[in-house]
Amino acid sequence: MYQTIQVTPMTQRVGAEIFGVDLTQSLSAQTYDEIRRALTEYQVIFFRDQKLDHDSHKRFGRGFGELIIHPGVPSIEGHPDIVAIHADAQSKYIAGENWHSDLTCNEEPPMGSILYLHTVPEVGGDTLFSSMYAAYDALSDKMKAYLEGMTAEHDGNHVYQKIFKDLDKRYPCSDHPIVRTHPVSGRKALFVNASYTTHINGVSDDESDAILAYLYQHCANPNFQVRFRWKPHSLAFWDNRCLQHLAVWDYFPQVRSGFRVTIKGEKPV
Ligand code: SIN
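Residues numbered from 1 in each chain as written. Predicted model: local features only at pLDDT ≥ 70, side-chain atom pairs only at ≥ 80, totals over all residues. Heavy atoms only, no water.

Draft legend 1. The arrangement of helix H1 (residues 29-42) in detail. Taking 1.5 Å per residue, 14 residues should reach 20 Å; H1 reaches 20 Å between its end C-alpha atoms and fits that length. Where H1 is buried, its residues touch strand S1 (6-9), strand S2 (16-19), strand S3 (44-47), helix H2 (54-62) and strand S13 (234-239). (Helix = DSSP H or I, 4+ residues; strand = E, 2+ residues; numbered from the N terminus. Expected span 1.5 Å × (residues − 1). Contact = heavy atoms within 4.5 Å.)

Draft legend 2. Structural view of the sheet that holds strand S7 (residues 151-155). Pairing is antiparallel in the open sheet, where 3 strands are placed in the order S8-S7-S11. Looking at the sheet topology across the chains shown, the edges are occupied by strand S8 (173-177) and strand S11 (197-200). Across the sheet, the mean angle separating the axes of adjacent strands is 25 degrees when strand polarity is ignored. Across 3 bridges, the pairing between S7 and S11 is antiparallel. Counted as the bridge partner of Glu 153 is His 199 from S11. (Pairing = 2+ DSSP bridges. Axes fitted to C-alpha atoms, helices over the stretch in contact; angles between N-to-C directions.)

Draft legend 3. Molecular detail of unusual backbone geometry. Looking along the chain, the bond that leaves Phe 252 and enters Pro 253 is cis, with omega of 5 degrees. On the secondary structure map, Pro 253 appears in the loop between strand S14 (243-247) and strand S15 (256-263). The phi dihedral of Leu 103 falls on the positive side, at around 50 degrees, and the residue is not glycine. With respect to the element layout, Leu 103 can be found in the loop between strand S4 (83-87) and strand S5 (112-119). With a relative accessible area of 1%, Leu 103 lands in the buried category. Even without being a glycine, His 233 presents a positive backbone phi close to 70 degrees. For His 233, the position within the fold is in the loop between strand S12 (225-228) and S13. (Buried < 20%, exposed > 50% of the residue type's maximum accessible area, 1.4 Å probe, protein only.)

Shape descriptors only; they carry no functional weight alone.
Put into structure tokens, the structure is as follows:
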């Protein structure tokens, strides 16, 4: 099935390691096509031993779509489409400590994100990924019927104002279907997350809070997850349309550091 890469699944439902490819070099159309297929099949894919500079990181990302500028986090100097992911002894918070899919506050949330870490703690600092296909599939038929056609608000303001204390600045806020259909696989995925989603539209606050609390707990079921153990110069490429992730901060005061590019997506349907 794959001719230019080797793909090793990590669990039954989600996650695969990809071998046999050097991301510092330009890749053939066939290799891009196979990586795209592996991402569709496994939702998050991992690469080891890739010493990427910013240009090769961006070139790899652009093979899957336009790179977007993060509306909340400042970019690194000279590269508006790269953000630093960094934690050390001075850090008061880290990026992605709660379950989320990236930037669901955007009207067109990103299709995917590619995180490259060059420095990681000796132990700890893993990232957890949870399949929202698996979460949707495991809902009862009655809950699936209830959620069908409902929308929820995803707001960036409370997320970034808490970090940057800039109450005057406005961040994106958008409504999205609670169940979305993946534009490539055609599969249904749950699309609410504890970081950005504020409420379900068209029901009382009590009902919204109770249903969201149930869905968040459901989405965090370990049976839907893969856990990635980073090594220096590893890279993770995840599909935000069918996956949530969470970065574990169990390594303070050690350093964990790298860069992320984010790939443009489409309006969820
Ligand atoms: C993120 O949410 O992009 C950060 C993930 C991580 O640092 O593992």
